[in-house]
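# Residue-level structure breakdown
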Amino acid sequence: MKSIFAALLQIAAISSASLTVRAQTVSPNDDGRLRWDQFLPRADVNSINLGEVLLPNSRPTADRRAWNAKGRRIPREMPSFRELEMVPIEAEDVIDEYYMQKLFERYDGNTQSILNRLQLDLPGTSLRLAASVYRRVEVDTFSALTTGIVTVRNPQDATKTYTASYGFDAARYETAPTAWNDGGVNAYNLFTEWLSRSVDLIGGVEGVVLRQPTYNAIRADAPTLLNGERRSRQEMEEDISQETGQPFRFEIMENTVEIFDDGGVTKTITKVFPLEKILAIPPGRVIGSTPFAPVYRAQDIVRTAPQAGIDVNGVTVYHIEENDGKSLTTQAQANAIPSPDENKVAVIDAGVVVFSAGSRPDWGTPGPSAKRALRETAVAVQRLLGAEAGKVARAVTL
């Protein structure tokens, strides 16, 4: 079996260089289904260690003075500093001994036929792995923007996790005292009041990102037309635009990814954007950047294939023979981390949480639906009351 892998790795079309070049053709936004690069576009850096100078978000105003007198002294404000260190994002595919045994049986031990099959499989594998790397960037982006936290989990043991906080000022993250879909409050009025505060906080708002149930709560409480009908989304946007003096739009985000539940193969379809959050979009849409640092193994690939045009800061694909030659692992790695600009972040937790049968049709059916329901509820409790990052109290460990 080792000889087959050795022969396989000699084929130029599936070398690490060739597969890396192919992987780097993958759309970073999954042809429009991912949105991280709209708000935190890629920015290449030279190191996994990042240091940022955070300028104070103050706007002092000078005074007039009498002739021959001194003017208004503006106190010097010291900037703060933030240091981040990236950990790799990596996905892998394994051609193991069992898979090779099945190929051996299917092709009657014909080595060339087995090589031909593997040669067809690996390019597609590199594309699939690269796309999964960008999905992790997406998930981390909206976690960083809406909570100021990124969660790092051991892919082999989901119980081993830790959270990395950006240390943003709590004023950037409001929490509604009463859920906006509560009949005792007017969601539209609360939304426009928060929008006004956000304009002051980040210097203008051209739109918001939110989930459908939160938008529905806002629209249900919006002023009606003269004939008693509810305003359309476009009419609401025009009203808000007139109040703010700039174009405005609601951007409803219901995009999903599949996140692994544990160290095995079980996955849960998960909405990328948190249900209860609203994120303000500043003028120009950019809220920071996503630094991509070089992958050191990409440098090795470049040395062996200098003409391949490999982007050393991009997704890198490489092979590793393991288990005494019984298996071949193909890995895709990127060194990337979201880096929001705190001065452009404004978020509110509107508290709208809806567990509807329509959005979760599998709940209550035979199989693993009860486990998924418990897990989703646990995540919601953790966000509110988690011992490490609860936004209301830090008292619960799940």
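This text gives an overview of the structure that appears in the document.

About the criteria used
- Residues numbered from 1 in each chain as written.
- Predicted model: local features only at pLDDT ≥ 70, side-chain atom pairs only at ≥ 80, totals over all residues.
- Heavy atoms only, no water.
- Helix = DSSP H or I, 4+ residues; strand = E, 2+ residues; numbered from the N terminus.
- Buried < 20%, exposed > 50% of the residue type's maximum accessible area, 1.4 Å probe, protein only.
- Areas by Shrake-Rupley, 256 points an atom, 1.4 Å probe, with all protein chains shown as cover.
- Axes fitted to C-alpha atoms, helices over the stretch in contact; angles between N-to-C directions.
- Left-handed = near helix turned anticlockwise from the far one by under 90°.
- Contact = heavy atoms within 4.5 Å.
- Nonpolar A, V, L, I, M, F, W, Y, C, P; charged D, E, K, R; others polar.
- Polar contact = N/O pair within 3.5 Å; in protein donor to acceptor, adjacent residues only side chain to side chain.
- Salt bridge = Lys/Arg side-chain N within 4 Å of Asp/Glu carboxyl O.
- Phe/Tyr/Trp six-rings, centres within 6.5 Å; stacked < 30°, edge-to-face > 60°.
- Lys NZ or Arg CZ within 6 Å of the ring centre and 35° of its normal.
- Pairing = 2+ DSSP bridges.
- Expected span 1.5 Å × (residues − 1).
- Arc of directions from axis to C-beta.

Let's shift gears to the overall build of the chain. Tallying secondary structure elements over the chain gives 10 helices and 17 strands in all. Out of the 398 residues belonging to the chain, those deemed buried represent 38%. For the chain, the exposed surface amounts to about 21,800 Å²; the carbon and sulfur share of it is 51%.

This paragraph deals with the packing of helix H6 (residues 187-202) against helix H8 (residues 233-244). The interhelical angle for the contact between H6 and H8, taken along N-to-C directions, is 40°, at an axis separation of 12 Å. The chirality of how H6 crosses H8 is right-handed. Contact residues: H6 offers Tyr188, Phe191 and Leu195, while H8 offers Met236, Asp239, Ile240, Glu243 and Thr244. Residue composition of the contact of H6 with H8, by class: 5 nonpolar, 1 polar and 2 charged.

Note on placement: His319 falls in strand S14 (residues 316-322). Separated by 3.2 Å, the side chains of His319 and Thr330 make a polar contact. Once residues within four sequence positions are removed from consideration, His319 is found in contact with Leu9, Ile14, Ser15, Ser16, Leu19, Leu122, Leu328, Thr329 and Thr330.

Working definition: two side chains of opposite charge can pair if their charged atoms are close together. Inspection of the entire model under this criterion finds 20 salt bridges. Residues Glu254 and Arg211 are paired through a salt bridge, measuring 3.0 Å at the closest nitrogen-oxygen approach. Separated by 43 residues along the polypeptide, Glu254 in the loop between strand S9 (249-252) and strand S10 (256-260) and Arg211 in the loop between strand S8 (207-210) and helix H7 (212-220) bring together distant segments of the chain. Overall, the relative accessible area of 24% leaves Glu254 in the partly exposed class. Ionic pairing is found between Lys277 and Asp349, a salt bridge with its closest N-O pair at 3.8 Å. Placement of the pair is Lys277 in strand S12 (residues 277-281) and Asp349 in strand S17 (residues 347-349), with a sequence separation of 72 residues. The network of salt bridges with common partners includes Arg35, Glu206, Arg249, Glu251 and Arg285.

Applying the stated criterion across every chain, the model contains 11 aromatic pairs. Considering the side-chain rings of Trp180 and Phe191, the 6.5 Å spacing of their centres and the 80° angle between planes classify their relative orientation as edge-to-face. Taken together, the residues Trp180 in the loop between strand S7 (173-175) and H6 and Phe191 in helix H6 connect sequence positions 11 residues apart. Each of the two residues, Trp180 as well as Phe191, counts as buried. One aromatic cluster is present, built from ring pairs that chain together Trp180, Phe191, Trp194, Tyr215, Phe248 and Phe250. A cation over a ring is seen here: Arg42 above Phe292, with NZ or CZ 4.8 Å from the ring centre.

With mixed pairing, the 5 strands of this open sheet are ordered in space as S7-S17-S12-S8-S9. On the outer flanks of this sheet lie S7 and S9, each paired with one strand and no other. Each adjacent strand pair in this sheet contributes to an overall mean axis angle of 20°, direction not counted. The pairing of S7 with S17 spans 3 bridges and is parallel. Considered in S17, the bridge of Glu174 is made with Ile348.

Turning our attention to H8. In this model, H8 (12 residues) spans 16 Å end to end at C-alpha, consistent with the 16 Å of a helix rising 1.5 Å per residue. Among the residues of H8, those classed as buried are Met236, Glu237, Ile240 and Ser241. Along the axis of H8, the buried positions cluster into a sector of 135°, meaning they face one direction only. Seen from the open side of H8, the exposed residues pointing more than 90 degrees away from its buried face are Gln234 and Gln242. Check the buried side of H8 and you find it contacts H6, H7 and S9. Looking one or two residues beyond H8, the residue adopting positive phi is Gly245, at roughly 80°.

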